[in-house]
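Examination of the molecular architecture
Spelled out, the chains give:
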Amino acid sequence: MDALQVLNYTQQFKDENGYNSNIYYNDSILHATIILRELLIKAAQENSKTLNMYCGKFSLFRDETQRKVENVKLDCDSSTLLGEQIVKWAEFKPFDELQKQLSEFINDKNGTLNLIIERDFETLQKNKVWGILKAGMENNRVRIFILTEKLGVGHFAVTEEAYRIEDSDDNKTATGCFVDRENASILNDNFDSLKKLSIKVAV
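Cut-offs used in this document
- Residues numbered from 1 in each chain as written.
- Predicted model: local features only at pLDDT ≥ 70, side-chain atom pairs only at ≥ 80, totals over all residues.
- Heavy atoms only, no water.
- Helix = DSSP H or I, 4+ residues; strand = E, 2+ residues; numbered from the N terminus.
- Expected span 1.5 Å × (residues − 1).
- Contact = heavy atoms within 4.5 Å.
- Phe/Tyr/Trp six-rings, centres within 6.5 Å; stacked < 30°, edge-to-face > 60°.
- Buried < 20%, exposed > 50% of the residue type's maximum accessible area, 1.4 Å probe, protein only.
- Lys NZ or Arg CZ within 6 Å of the ring centre and 35° of its normal.
- Core = buried A, V, L, I, M, F, W, Y, C linked by side-chain atoms within 4.5 Å.
- Axes fitted to C-alpha atoms, helices over the stretch in contact; angles between N-to-C directions.
- Parallel < 35°, antiparallel > 145°, perpendicular 65-115°, else oblique.
- Nonpolar A, V, L, I, M, F, W, Y, C, P; charged D, E, K, R; others polar.

Here the focus is helix H3 (residues 63–75). Across its 13 residues, H3 extends 19 Å between first and last C-alpha, which sits within 8% of the 18 Å expected from 1.5 Å per residue. If you follow the buried residues of H3, they end up packed against helix H2 (29–45), helix H4 (84–91) and helix H5 (94–107).

Encoded structure:
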């Protein structure tokens, strides 16, 4: 992966008028952390200030992902970077930025995270992100549900008009859009249906 392409990737979701309606493609765990951070930012700007996530085990936010993301970044070819690009690449810490954005979304932006996970909830509590989630649950800003049935449905994250839909949980490949209210509405309806097959985690 090319470092310059990664830096450019972070700029593709907006134009002079704000978020655009282009379809984006996410083909690595590095891209996934960038997209999730941007979805949190987008959700905070919308009226509902809500991000609905259906995932396997919330793996992008777990401690083990930090090492994976750092290794992918180290493997990127940075030989084409020049001047300010070199500085931006050195300062680019996607996992840390994702954790920070989650905390800001819940604590500073009054955002709401609704999270449905399929498995391994018990081990989630052993990760650093649990402190953010637990505090959010106590303030009713985070609601976690555990799915009770295996459905084989693709994982997704969705706001009022933005979404990311995974093609592969293992490879973290996905597609999505930041301005597509029609498809986002369908995904939010799907999320509500999944909640009916889930058990809410008590505070």
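Back to the text.
This part takes up the packing of aromatic side chains. Throughout the structure, instances matching the rule amount to 10 aromatic pairs. Centre to centre, the rings of Phe 58 and Phe 61 are 4.3 Å apart; their planes meet at 5 degrees, and the pair counts as stacked. The residues Phe 58 and Phe 61 share a single accessibility class, namely buried. An angle of 75 degrees between the planes, with centres 5.7 Å apart, marks the rings of Phe 121 and Trp 130 as edge-to-face. As far as the burial class goes, Phe 121 and Trp 130 line up, both buried. Here the aromatic residues Tyr 9, Phe 13, Tyr 19, Tyr 24 and Phe 178 are joined through ring pairs into a cluster of three or more. Lying across the ring of Tyr 19, Lys 42 places its NZ or CZ 5.6 Å from the centre.

With that out of the way, let us pick up the nonpolar core. By size, the foremost hydrophobic cluster in this structure holds 50 residues, and its most contacted members are Phe 58, Leu 102 and Leu 133. In terms of residue count, H2 provides more of this core than any other element does, 11 residues in total. In terms of nonpolar packing, the next biggest core, distinct from the first, is built from 12 residues, Val 158, Ala 184, Leu 187 and Leu 194 among them.

Okay, the packing of H3 against H5 next. The geometry of H3 relative to H5 is characterised by a closest axis approach of 8 Å and an angle of 140 degrees between their N-to-C directions. Here H5 runs oblique to H3, going by the angle between their axes. Along its contact with H3, which presents Thr 65, Gln 66 and Val 69, the element H5 presents Pro 94, Phe 95 and Asp 96. For the contact of H3 with H5, the per-class residue count stands at three nonpolar, two polar and one charged.

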